[in-house]
Every structure is written in structure tokens, then in C-alpha cells.
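If you want the building blocks of each chain, they are given just below.
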Amino acid sequence: MTATAGAGAIIAPEPLQAQPDSAVKRVRRKLNSRTASIVSILIAILWTIPTFGLFISSFRPENDIKTTGWWTFFSNPQLTLDNYNEVLFGTSSSSGQLASYFVNSLVITIPSVLFPIAFAAFASYALAWMRFRGRDWLYILIFALQIVPLQMALVPLLKLISTGVSIGGLTLLPAWAPQGVDRFMAVWLAHTCFALPFAIFLLHNAMSSLPGDLMEAARVDGATHAMIFRNIVLPLITPAIAALAIFQFLWVWNDLLVALIFAGGNAESAPMTVRLAQLAGTRGNEWQRLTSGAFVSMIIPLIVFLSLQRYFVRGLLTGSVKG
Amino acid sequence: MAVLLRGRRALVLVSAVGLALVGAAGCSSGTSSNANKDSAECAAFKQYQGHDGTTVSIYATIRDTEADLLEQAWKKFSDCTGIKIAYEGSGEMEAQIQVRVDGGNAPDLAFFPQPGLMNRFVKSGKLKPAPEKVKAEAAKNWSKDWIGYGSSGGKFYGAPLGSNVKSFVWYSPKTFKEKGYKIPTTWDELIGLSNQIAASGTKPWCAGIESGEATGWPATDWIEDIMLRDQGPDVYDQWVNHQIPFNDPKVASAVDRAGSILKNEKFVNASFGGVKSIATTSFQEGGLPILQGKCTLHRQASFYAAQWPKGTKVAEDGDVYAFYFPAVDASKGKPVLVAGEFVGAFADRPEVQAVQEYLASADFANSRAKLGSWVSANKGLDVNNVQNPIDKLSVQILNDPSTVARFDGSDQMPAAVGAGSFWKGMTDWINGTDTKTALDKIEASWPK
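Under the annotation held in an unreviewed UniProt entry, chain B carries the name Alpha-glucoside ABC transporter substrate-binding protein and is attributed to Planosporangium flavigriseum. Looking at the Sequence similarities (unreviewed entry) heading of the UniProt record, one finds this comment for chain B: "Belongs to the bacterial solute-binding protein 1 family."

Per an unreviewed UniProt entry, chain A goes by the name Sugar ABC transporter permease and belongs to Planosporangium flavigriseum. Under the UniProt heading Subcellular location (unreviewed entry), the note attached to chain A is "Cell membrane". Quoted straight from UniProt, the Sequence similarities (unreviewed entry) entry for chain A says "Belongs to the binding-protein-dependent transport system permease family."

Here's what the structure looks like:
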């Protein structure tokens, strides 16, 4: 978030007018030149080449993929939809059928995005605008939880879910050990837990930057906390919520580790990433399928990103610029 | 406010869709077996019956097509006994099984591809010893060696399941016929053939040891195979159990013998480049140039058959086939490097034991073999049930009385070596490190 502080300085015009040849302005002028544009286009092309190669590969026949590079496509163009066909509609119970895993991915991702956003919004409101003792310490504690790597918490959380908690024979939490589709709930819980510290941090910063006069005026008019939250705070932090939604969506959609542990690898509950990891076969002998599999799994995140893109850029500034 | 309302409506809609999907998934998961449990078909499964309506979970590395065949193979057992088998295959199994066991979410059964990994759970006391019935069934169907690999500290834990033969050299019968090459039956003939091909201006061998995190394992197979040939099974056992150090001159002699092929610029790496290209060529692609006639010999296990592109005929008169990697001294028997899976149990419920017993039986081995691409060292396996020529050859080699089979050494060594420094050491060795330095480094990494 510190990098965006510079962007904030560019927006604020007054100090720049006072000294027209400031460093910021010079950098800005240089970045607007034609050479800079060409360089950035070159970088963009360079960055896209691997993805482009993968895209070309996904339409090439199996034997070609395995023996030659994708660039030979231009001298020997051979196109096939076999890879997509196999990945999407493969007949065997464990090959292909990406379609059903696609649904699993959606079932996992949507609640795993909505839950942390809902909880974090309530929590951040309380931490930002309700006065109670130990408020700052609580916020620092939650903020500090971001340091704990997810991988460290996996085994304890799995243990908590599958064996419960009991201290000295007293059962505090019974064993749950979800089976079948119930495992979705375990995945939701895991993703929600892991997302909350960052979500609260982001939304808290967005909320605390709102002018206090607004809340005071509302309270004078007799609004309760619930009304202020719903009618004033939520509409004002929509960009932050959208940014958080994109972050969380991409993270959950691309996640393999949490899903492997909590959702398992059955067609009942495993998301697409788990399926993609199995597609190549026991000894990686079908790895040509990964090319088309990658593009199928890319569709939804692409749609989400493109449709929420304008919030994304706006949301990047949340928490960094006051006012 | 309108914005907010719209947002809320969308939210409700999305949650409703989400719930509907969960519901739909829940409905479709209910399956019912309608096989008549007293029919003649089910007579063979009488001894396993009495556990109707139970579920046994299995976790393994076998996935995709091969997993389908496994599930097909035990379908009848499942229908006749009413035991539902929830199978899960994952490439991350070797790492994830530890997390699941630690997290109290262990599967009922796991197919361990490495005895070393299984022993880790024996040591931590999580794995249940095999019940008497399974022990008896396994003793009937497997040789002493195999029972030994499934045991730890004198107790029998895991009955073997599938097996594969690693001592194979892949070649193209067509090229051999065209050029008039003969299949070598001794080590000297093999080197002679390599020299003959090299003299004609092409490199004879191709190899690839790149395999992601496991890069180097095909090279360790080379060393193990040649260790068996150069030093014999007794020294091999001492080496695997660390009764002789890893940098013993005997080991160095075997590694140097492997180097006479793998590090010989005249012999490798056909169609890929020099010796160092072995380290960057993936294991899957390593032998493919044979199909285009750019490479003649490729040492790899029987399971390499799955790597050939669709439509390749794998047979003695087909596009590719394999011959037995010849012994150095044929009078001392036929050394064969093998590998396979072992069925370990984390639960001792009666239905779990029933499945365990069935998997150890000759019935299962035959049922699975009939579906194709499967090899097992199960003595009850009828060669006529084995489908592919290469699998038939594997079963014949496994059942040959002159065969001296030894299990893949790196799979038995402690994980720090067998799945770590041995792989890395051999990759360095291919990249130019000399034999002594590489072996000293591996020896230093052996857990005290």
C-alpha cells in the first residue's frame, strides 16, 4: 500500500505548482514520452508471449505438443479441438468432466468471497466508529494475524474440524469430520478464516478515512449504528469492497492447497484446480491436456476481473489516501 | 439507495444460486447398488460380505485413466458386498497424507508407492498392522521379498498391490530390423551395439531426468539398476540399508559404470544435445525420439508405455517395445529392479479389513489385469489375463525363477536421501560433478 502514496502526491496539485521542475513532474513527463510508450508496449508483449504460446499449444495435436515447440505452429499450422474436447467432456469418471468441477469451484468460491466481506465489514465498522475499551489493541492484534502464514494453520485447523476440541475430558467442540458435500462448509470456513485479517485491515482503513462529520450528523438525526452502517458507510466504501472481492475471488479460485486438504479430491467436492492437477495422469503422460485446462479455468477470473476492473484501480487507493 | 438495493438483490440472487447448486450436488451423490448379493455372480465374494452400507476411503497417487480402471476392477466387489469404496487419487498424495494424518483426517486405506513413506507412519504409530487374514492372503500370493518390503520391525503392515519392472530398455523394433541390430542379451553386447551405432554417426542413447520437484529420479533408477548388475543383490541390500557408506568404492564403481553410458558424449543424448541436456529433458519426453528414429535406446520402466502418443503400437512387432536390461554376469541370475504400491491401513474397522483382504487376493489382481495396463507380482496372477505385450513380458520376468528382484532403493532409503539428496546428487553428477564429490555429498546427508 505504500507505493500508492506516491500516486496520491501526483493527484495533489498545490505543491507541484509552486516548483514546476520537481522530481515528480520530471518523471511524469518522461513517462509520457513516445519512447516510454514503446518500451511499455514491448514489455507487455514480452510478458504475454508465454501465455500466447500456451494458447497456441492448446489447439495443437498431442504429438506436436510433446515433440516440438509452439512456434513451429507458424511453419506447420495444425489445429485441433481434441484437447478442449477431452478436458471438458472426457468420458471416463476421472478424466475430463471439467464442467462438474467448474460448478464445484463456483460453489466454493462464491460463499468464500461473500462471508469474509460480510464479517469484515461489520468488524471494521465496529473497530473504526464504535467507542469501546481496547479497540486499538484489538485492531493491532487482527492486523498482526496477517503475519501468520496460512500453511502453519492448516494442520491445526484440520484437526479442529475433524477431531474437535476437548480439554481434560470436557468437550468444548464436538468432532465434525464432514463427508461428501458437507466438506464445502469446511472449505468456506477455512477460506473465511484465512481472509479475515487482511479484509478487516483493508475495510477498516477505508472506513476510518470517511469524515467523522457524516456520522455525527447522522447520529444527531437519531440514526443507530445499524442505520449508519447500512445507509452511509456501505455505499461510500463500495470501491474498497469491490477491490477486496476481486482479490479474494482470484485467490480462492486459484487456490489448490486449501482445497486439497479440506475439500479432498472427489468429484463431489473438489474444485477445478484439484482436477487440473490430476489431469496429467499418474506419471504426467497426458500433460498436453493442461494447455486447454488452463484456458478453461481462466475464463471466470477473466470475466470477474474485466467487469470489476474500474473498481480495482479505484480500490487500490483505498486505505492509502485520506479524504 | 437504488444502488444499494440493486446490490442487495444481486447478493440474494447469488446466494440463492449457490444454495441451489449445493442442493443439486447433494441430490446427485446418492447412489444405490442393486446387485443381488446372493446371486451366483456374487458367490466369490461371500467371505467379504456382511458389511452392507459401509464406506471405505482410499487415498493414492494413481489418478486419471488408471484410477478409472482400478475403480472398475473393484466394482463387482463393491456391488456384492455393499461396501462403498470412496477412492481419491492425487499427485500431492505423498505430501498431503502427512497433513491429513496429523490433522486427524486420515483415509482408511492408502496405497504407498514407497515403503520408506509407509515406514514413517509405522514409526509414528499411526498405521495399523495387517490383520491375520490379510497376512495369510499376502503370504499365499507374494514372494518373501515383497512381504519383506511391506513389513517394518518384524511386523507386516502393507500387502503389495501393483508392481512395475524398471529394468527395461526401450527400442524400436522397426529400426532394429532396418539396420540389422540384434537385441543384446549381455552387457558386452549392449556396449558393443552402442559403439556400433555411435560409429555410424548417431548417438545411440537418449535420457531425460527432469521431473519437476522430483528431478533426478530416473538417474537414481539407472544407478540402482547398475548397482544390482555391477555388485550383486547382497551389496545392493547393504547399500540401501546403509550398512556400507554411500561413498563406498563399490558404489563408486557402479556409478562409474553408469557414467560410461550416461556421461559419454559419444552415447548421449540423442536428438537433445550433449550430456548436460539429460538434466533439462523431461522424463516424459526422454524416450520419444525413438519413434522418429532419432534415438535407438532408452532405459526406462515398464510404465513408460503410457508415455507414447495415442496410436503407437507397443509390441514386439510394433512401433516401440522394450528388452530386458542385460546382466553383467548372467551366471549370477537375472537382476531386476522393481517398484510397486503397498496398501497401508489407518483404520481397523471390519469393512476396511475386508477391502484390504480383497486387494491382496489373486481375484483382484486378475480382475484388474483383465482391464489392461497393469502388472503385479501376485503369484496368483494368470499371465493370460494380462493384456499388453509389455505387461506380459513384465509378469514373465517377475515370475521367472532365475529372477533376483530388488525393490527401488531410493524408495526404501530415508526420505532425506531417497527423495532428496540422491536425486539432487545425481542431477549434479549429470551436470559435471565428479563421482566422488557427488557420493560424498549424498553420504553426508544421510540422517544419523
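Novice: Outline the overall build of chain A, listing residues and values.
Specialist: When its secondary structure is counted, chain A shows 16 helices and two strands. Every one of the 323 residues in chain A was classed for burial, and the buried ones make up 43%. Taking the intrachain contacts of chain A between residues at least 6 apart in sequence as the baseline, contacts between residues at least 24 apart amount to 68%. Accessible surface computed for chain A: about 17400 Å², of which carbon and sulfur atoms make up 69%.

Novice: For the overall build of chain B, give the residues involved together with the corresponding values.
Specialist: Counting its secondary structure elements, chain B contains 19 helices and eleven strands. In terms of C-alpha radius of gyration, chain B reaches 25 Å, essentially the compact-globule figure of 22 Å for 448 residues. Classification of the 448 residues of chain B by burial places 55% in the buried group. A separation of at least 24 residues holds for 73% of the contacts in chain B among residues at least 6 apart in sequence. For chain B, the computed accessible surface area is about 18300 Å², with 52% contributed by carbon and sulfur atoms. Positive and negative charge centroids in chain B, built from 47 and 49 side chains respectively, lie 3 Å apart.

Novice: Account for the domain arrangement of chain B, with residues named and values stated.
Specialist: When the parts of a complex come together, some accessible area is lost, and that lost area is often used as the size of the interface. Residue and element names in this part refer to chain B. You can read the domains of chain B as domain 1 (43-164 + 339-396) and domain 2 (168-324 + 414-444). Summarising the inter-unit geometry, the C-alpha centres of domain 1 and domain 2 are found 30 Å apart. Contact residues are listed per partner, giving six residues for domain 1 and ten residues for domain 2. Linking domain 1 with domain 2 are zero salt bridges. Linking domain 1 to domain 2 there are one residue pair in polar contact (both at pLDDT 80 or more). Counting residues per element, the side of domain 1 that touches domain 2 draws most heavily on helix α16 (residues 389-399), at four residues.

Novice: Which residues make up the pairing of strand β2 (residues 83-89) of chain B, and what values go with them?
Specialist: All names here are of chain B. Counting buried positions along β2 gives five out of seven residues, so the element sits mostly inside the fold. In this sheet, β2 lies alongside strand β1 (residues 54-60) in parallel orientation, the contact comprising seven bridges. Note that in β2 the partner of Thr-54 across the bridge is Ile-83.

Criteria and cut-off values
- Residues numbered from 1 in each chain as written.
- Chains lettered and ligands numbered in written order.
- Predicted model: local features only at pLDDT ≥ 70, side-chain atom pairs only at ≥ 80, totals over all residues.
- Heavy atoms only, no water.
- UniProt positions renumbered as here; feature names shortened; annotations may be inferred.
- Helix = DSSP H or I, 4+ residues; strand = E, 2+ residues; numbered from the N terminus.
- Buried < 20%, exposed > 50% of the residue type's maximum accessible area, 1.4 Å probe, protein only.
- Contact = heavy atoms within 4.5 Å.
- Areas by Shrake-Rupley, 256 points an atom, 1.4 Å probe, with all protein chains shown as cover.
- Rg over C-alpha atoms; globule rule 2.2 N^0.38 Å.
- Lys, Arg positive; Asp, Glu negative; His and termini not counted.
- Charge placed at Lys NZ, Arg CZ, Asp CG, Glu CD.
- Domains from an automatic or database assignment.
- Salt bridge = Lys/Arg side-chain N within 4 Å of Asp/Glu carboxyl O.
- Polar contact = N/O pair within 3.5 Å; in protein donor to acceptor, adjacent residues only side chain to side chain.
- Pairing = 2+ DSSP bridges.

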